[in-house]
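Residues per chain are reported as follows:
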Amino acid sequence: MWRLVPPKLGRLSRSLKLAALGSLLVLMVLHSPSLLASWQRNELADRRFLQLNKCPACFGTSWCRRFLNGQVVFEAWGRLRLLDFLNVKNVYFAQYGEPREGGRRRVVLKRLGSQRELAQLDQSICKRATGRPRCDLLQAMPRTEFARLNGDVRLLTPEAVEGWSDLVHCPSQRLLDRLVRRYAETKDSGSFLLRNLKDSERMQLLLTLAFNPEPLVLQSFPSDEGWPFAKYLGACGRMVAVNYVGEELWSYFNAPWEKRVDLAWQLMEIAEQLTNNDFEFALYLLDVSFDNFAVGPRDGKVIIVDAENVLVADKRLIRQNKPENWDVWYESKFDDCDKEACLSFSKEILCARATVDHNYYAVCQNLLSRHATWRGTSGGLLHDPPSEVAKDGRLEALLDECANPKKRYGRFQAAKELREYLAQLSNNVR
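In this text, all values refer to a predicted model and were calculated from it rather than measured experimentally.

Undergrad: Can you help me understand the packing of aromatic side chains in this one?
TA: Any pair of aromatic rings gets described here by the distance separating the centres and the angle formed by the planes. One pass over the structure, following the stated rule, counts 16 aromatic pairs. When the ring of F146 is compared with that of W164, the centres are 5.9 Å apart and the planes differ by 90°; the resulting orientation is edge-to-face. One end of the pair, F146, is in the loop between α5 (137-140) and α6 (158-161); the other, W164, is in the loop between α6 and α7 (173-181), and 18 residues separate them in sequence. Between the aromatic rings of F221 and F281, the centroid separation amounts to 6.0 Å while the plane-to-plane angle is 85°, which identifies the pairing as edge-to-face.

Undergrad: Would you take a moment to explain the sheet that holds strand β5 (residues 239-243) for this structure?
TA: Strands in a sheet are paired, the pairing made by backbone hydrogen bonds, and the direction either parallel or antiparallel. Pairing is antiparallel in the open sheet, where 5 strands are placed in the order β1-β2-β3-β5-β4. Of all strands in the sheet, those bounded by a partner on one side alone are β1 (72-74) and β4 (232-236). Each strand of the sheet is rotated relative to its neighbour by a mean of 35°, with strand direction disregarded. The pairing of strand β2 (residues 91-96) with strand β3 (residues 105-110) spans 6 bridges and is antiparallel.

Undergrad: How do you make sense of the pattern of salt bridges when you look at a structure like this?
TA: If the charged atoms of two oppositely charged side chains come close together, the side chains can form a pair. Scanning the entire structure with this criterion turns up 18 salt bridges. Among the salt bridges present, the one from K347 reaches D166, with a minimum N-O distance of 2.6 Å. Taken together, the residues K347 in helix α12 (residues 347-350) and D166 in the loop between α6 and α7 connect sequence positions 181 residues apart. On the basis of relative accessibility, which here comes to 26%, the residue K347 falls in the partly exposed class.

Undergrad: Where do I start with the side chain of N277 in this structure?
TA: Mapped onto the elements, N277 comes out in the loop between α10 (257-275) and β7 (281-285). Residue class for N277 comes out buried when judged on its relative accessible area of 17%. A polar side-chain atom of N277 sits 2.7 Å from the main-chain carbonyl oxygen of F281.

Undergrad: Just checking my understanding: could you explain α10 for this structure?
TA: Along an α-helix, residues three or four positions apart point the same way, because every turn accommodates 3.6 residues. Taking 1.5 Å as the rise per residue, α10 with 19 residues should run 27 Å; its terminal C-alpha atoms sit 27 Å apart, in good agreement. Counting buried residues along α10, 14 of its 19 residues qualify, which places the element largely inside the surrounding structure.

Undergrad: What should I look at first to understand the packing of helix α13 (residues 358-368) against helix α15 (residues 394-403) in this one?
TA: Axes are the key here: two packed helices are described by the angle between their axes and the distance separating the axes. Closest axis-to-axis distance for the α13/α15 pair is 8 Å, and the angle between their directions is 120°. Our classification of the angle between α13 and α15 gives oblique. You can see that α13 and α15 cross each other, and the crossing is left-handed. Only L399, C402 and A403 of α15 make contact with α13, whose side of the interface consists of Y360, Y361, C364, Q365 and L368.

Undergrad: Please clarify how the pairing of β7 should be interpreted in this entry.
TA: Judged by how many residues are buried, β7 sits mostly within the fold: 5 of 5 residues are covered. Where β7 and strand β10 (residues 310-314) come together, 5 bridges link them in antiparallel fashion. Within β10, the residue paired with Y284 across the bridge is L311.

The rules we used
Residues numbered from 1 in each chain as written. Predicted model: local features only at pLDDT ≥ 70, side-chain atom pairs only at ≥ 80, totals over all residues. Heavy atoms only, no water. Phe/Tyr/Trp six-rings, centres within 6.5 Å; stacked < 30°, edge-to-face > 60°. Helix = DSSP H or I, 4+ residues; strand = E, 2+ residues; numbered from the N terminus. Pairing = 2+ DSSP bridges. Axes fitted to C-alpha atoms, helices over the stretch in contact; angles between N-to-C directions. Salt bridge = Lys/Arg side-chain N within 4 Å of Asp/Glu carboxyl O. Buried < 20%, exposed > 50% of the residue type's maximum accessible area, 1.4 Å probe, protein only. Polar contact = N/O pair within 3.5 Å; in protein donor to acceptor, adjacent residues only side chain to side chain. Expected span 1.5 Å × (residues − 1). Parallel < 35°, antiparallel > 145°, perpendicular 65-115°, else oblique. Left-handed = near helix turned anticlockwise from the far one by under 90°. Contact = heavy atoms within 4.5 Å.

Shown next as structure tokens:
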């Protein structure tokens, strides 16, 4: 029925609804002592809110001093627990300040899962340890597979964790040594030997690896070394802190053409870096959408802000073991599905081929080309190019070949030419 309302009246109607909702919210806050209390107190200094009591069934403790000392505080509406039902992903924005620095900076806090997923994790731990859905997690954890490497175990080995998550779908010893050596939730980081970790730290590491390995991706491939991921800061209980990057890529969907060209070029550069690098680790992005990238407000740099679904293949090991067809170039199959941000891939093949075009395919299909759909829109980030670019036709041809190649191995060549062409366009529009 709302479609029958004239545009101006429609806007007025929406404004009245928002005003009414805002008034209702204010009244609820003023008349509810618990809501008012949640606004006034800093719950990020509360051990139970951080779920610190659930450790070692948690993600770490390296930032607990900062949380418990009140150095991390929610921003505005994040203080109202009434609104938590809207925050399905359990992602919060907060301000963090060091007393010596004097200022504050914005950080992102994550519980790494929804309330339902976290509850299922607790039940799973309890059932494995006691056979019951509820238990004391502190007592239960040593009786689960997360404690299998406690004691005098020297290394984290592929046999122990293979398949636990995308990160370790096909882990090499070299990758696992890197994860342990760079594990930030221990005071003795820097060694690849598990025996240098406390039993509680080993259990936290394995639980994070199984539940949501994003913190381990950020730690193992840090932004300080040029990797395109958000900077990991630390954890306390079941709250992880990462550096705030900027607005999500989606907010640039209708930005000026020159800005979108630069962002598109950066996205293709990220696809190249994660596919071919000096470390011979291929990091394949299995979940690519506009919400999983953000753009720095000052430097305009594109950064991956959701790294839960990253599969790491060790190219050095592939070349060494030479599985069947290991040296045959793998072309990802275009998937013209009716859902947003869908991708077609085989994890087994990603793990067994030395040359794979998956990242180019994911970026072109889900972000750049006319096949990209998100939040009811289509056309991709490079929609509506200037007339001279559209008339030339080269950009559209490269995007189409990158997303849905017509030639054998066409995506590899198209991705290379697209990176070069976007760099050329970017220089021309600056």
